[in-house]
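# Summary of the model geometry
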Amino acid sequence: MMTVNSNIRYTTVLPARDVEELKKLAAKKVISSVNNGIREAIELFLEKVKLELYAQEMAEASQDINYINRTLDSQADFEHADSEVGGLW
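These lines cover the structure that appears in this document, whether it is placed above or below. Fair warning: this is a prediction, and the values are worked out from it, not measured in the lab.

## Remarks on the overall build of the protein
- Broken down by element type, the protein carries four helices and zero strands.
- Each helix and strand of the protein, ordered N terminal to C terminal, gives the series α-α-α-α.
- Of all 89 residues assigned to the protein, the portion counted as buried reaches 6%.
- Split by element, the accessible area of the protein, about 8600 Å² in all, is 58% carbon and sulfur.

## Some details on unusual backbone geometry
- One non-glycine residue with positive phi stands out, namely Lys-29, at about 65°.
- Relative to the helices and strands, Lys-29 is located in the loop between helix 1 (16–27) and helix 2 (34–61).
- Given a relative accessible area of 71%, Lys-29 falls into the exposed group.

## So, a nonpolar patch on the surface
- On the surface, Ile-42, Phe-45, Leu-46 and Val-49 cluster together into a nonpolar patch covering about 360 Å² of accessible area.
- Mapped onto the elements of the fold, Ile-42 is located in helix 2.
- For Ile-42, a relative accessible area of 46% gives the class partly exposed.

## Overview of the pattern of salt bridges
- What the rule picks out here adds up to two salt bridges.
- Here Glu-20 and Lys-23 are joined by a salt bridge, their closest N and O atoms 3.8 Å apart. Separated by three residues within a single helix, Glu-20 and Lys-23 lie in helix 1, roughly one turn from each other.
- The exposure class of Lys-23 is partly exposed, given its relative accessible area of 44%.

## Overview of the packing of helix 1 against helix 2
- In contact at an axis separation of 8 Å, helix 1 and helix 2 are set at 115° when each is read in the N-to-C sense. When the axes of helix 1 and helix 2 are compared, the pair comes out roughly perpendicular. As for the relative orientation of helix 1 and helix 2, their crossing is right-handed in sense. Side by side, helix 1 and helix 2 meet where Leu-22, Lys-23 and Ala-26 of the first sit next to Val-34, Gly-37 and Ile-38 of the second.
- Of the residues contributing to the contact of helix 1 with helix 2, the split by class is four nonpolar, one polar and one charged.

The rules we used
- Residues numbered from 1 in each chain as written.
- Predicted model: local features only at pLDDT ≥ 70, side-chain atom pairs only at ≥ 80, totals over all residues.
- Heavy atoms only, no water.
- Helix = DSSP H or I, 4+ residues; strand = E, 2+ residues; numbered from the N terminus.
- Buried < 20%, exposed > 50% of the residue type's maximum accessible area, 1.4 Å probe, protein only.
- Areas by Shrake-Rupley, 256 points an atom, 1.4 Å probe, with all protein chains shown as cover.
- Patch = residues over 30% accessible without salt bridge, like charges linked within 9 Å, V, L, I, M, F, W, Y side chains within 5 Å.
- Salt bridge = Lys/Arg side-chain N within 4 Å of Asp/Glu carboxyl O.
- Axes fitted to C-alpha atoms, helices over the stretch in contact; angles between N-to-C directions.
- Parallel < 35°, antiparallel > 145°, perpendicular 65-115°, else oblique.
- Left-handed = near helix turned anticlockwise from the far one by under 90°.
- Contact = heavy atoms within 4.5 Å.
- Nonpolar A, V, L, I, M, F, W, Y, C, P; charged D, E, K, R; others polar.

The values are spatial; any link to function lies outside them.
The structure is reproduced here in structure tokens:
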């Protein structure tokens, strides 16, 4: 169970060259700190992985006839409502 805005202290081993690059970026005020640079990198990585996973799941779903039928049924159910706004959302 995740708590919003909670932090966990976690020790990891990073390549020295990456830490040095982060220190240089922090010294140039490109990032606010090495810690913040690492946090931002993790956030970007997780966002990328989740997007890739979603794309994979959608590719698999596109092969599932039941999923396709449910999607088409749902689309047909909202056809009248969509026409009320000119088909634009």
